[in-house]
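Examining the three-dimensional arrangement
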Amino acid sequence: APVIAVIPHGRGGYWLVGADGGIFAFGDAPPMTPYMPMVNEYAQGDRAILAAETNDRGGLDQIADDGATYSFPI
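Residues numbered from 1 in each chain as written. Predicted model: local features only at pLDDT ≥ 70, side-chain atom pairs only at ≥ 80, totals over all residues. Heavy atoms only, no water.

**Notes on the sheet that holds strand β5 (residues 60-64)**
- Pairing is antiparallel across the open sheet formed by three strands, whose spatial order is β4-β5-β6. Both edges of this open sheet fall to β4 (49-54) and β6 (69-72), since each of them pairs with a single strand only. Put simply, the sheet's adjacent strands are angled 20° from each other on average, direction ignored.
- Where β4 meets β5, five bridges bridge the pair, whose relative direction is antiparallel. Bridge pairing in β5 places A51 opposite I63. (Pairing = 2+ DSSP bridges. Helix = DSSP H or I, 4+ residues; strand = E, 2+ residues; numbered from the N terminus. Axes fitted to C-alpha atoms, helices over the stretch in contact; angles between N-to-C directions.)

**Quick look at the pairing of strand β3 (residues 23-26)**
- Here strand β2 (residues 13-18) runs beside β3; their pairing, made up of four bridges, is antiparallel. Bridged to L16 within β3 is F24.

**Let's talk about the sheet that holds β3**
- On the basis of which strands lie adjacent, the open sheet formed by three strands has the order β1-β2-β3 and antiparallel pairing. Of all the strands in the sheet, just β1 (3-9) and β3 have a single pairing partner and so form its edges. Direction aside, the axes of adjacent strands within the sheet are offset by 20° on average.

**Describing the packing of aromatic side chains**
- What the rule picks out here adds up to two aromatic pairs.
- On the numbers, 5.0 Å between centres and 15° between planes, the contact of Y14 with F26 is stacked. Here the residue Y14 occupies a position in strand β2, and F26 occupies one in strand β3, the gap between them amounting to 12 residues.
- The exposure class of F26 is partly exposed, given its relative accessible area of 34%. (Phe/Tyr/Trp six-rings, centres within 6.5 Å; stacked < 30°, edge-to-face > 60°. Buried < 20%, exposed > 50% of the residue type's maximum accessible area, 1.4 Å probe, protein only.)

**As for the pattern of salt bridges**
- Tallied over the entire structure, the rule returns three salt bridges.
- When the shortest N-O distance is used, the salt bridge between R47 and E41 registers 2.7 Å.
- D66 is the partner of R47 in a salt bridge, and the nearest nitrogen-oxygen pair spans 3.1 Å. Taken together, the positions of R47 in the loop between α1 (36-43) and β4 and D66 in the loop between β5 and β6 put the pair 19 residues apart, joining distant regions of the chain.
- Because the salt bridges share partners, they merge into one network encompassing E41, R47 and D66. (Salt bridge = Lys/Arg side-chain N within 4 Å of Asp/Glu carboxyl O.)

What follows is the structure in structure tokens.
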């Protein structure tokens, strides 16, 4: 799936977020487990993640093409 966002974290880390909901951690960004139903729906062509941003808890929010938001705390 294409990368739709690069989200900085800390002093030397970042997350890459895929359109399928995958989250890849680099540097000091903590790893996060993707929401598997979203990954499966993307594989079936039903939904995609369009945007991602940090949330007020230091984690990550993903926004799907149907408006649903998925929050990933640290």
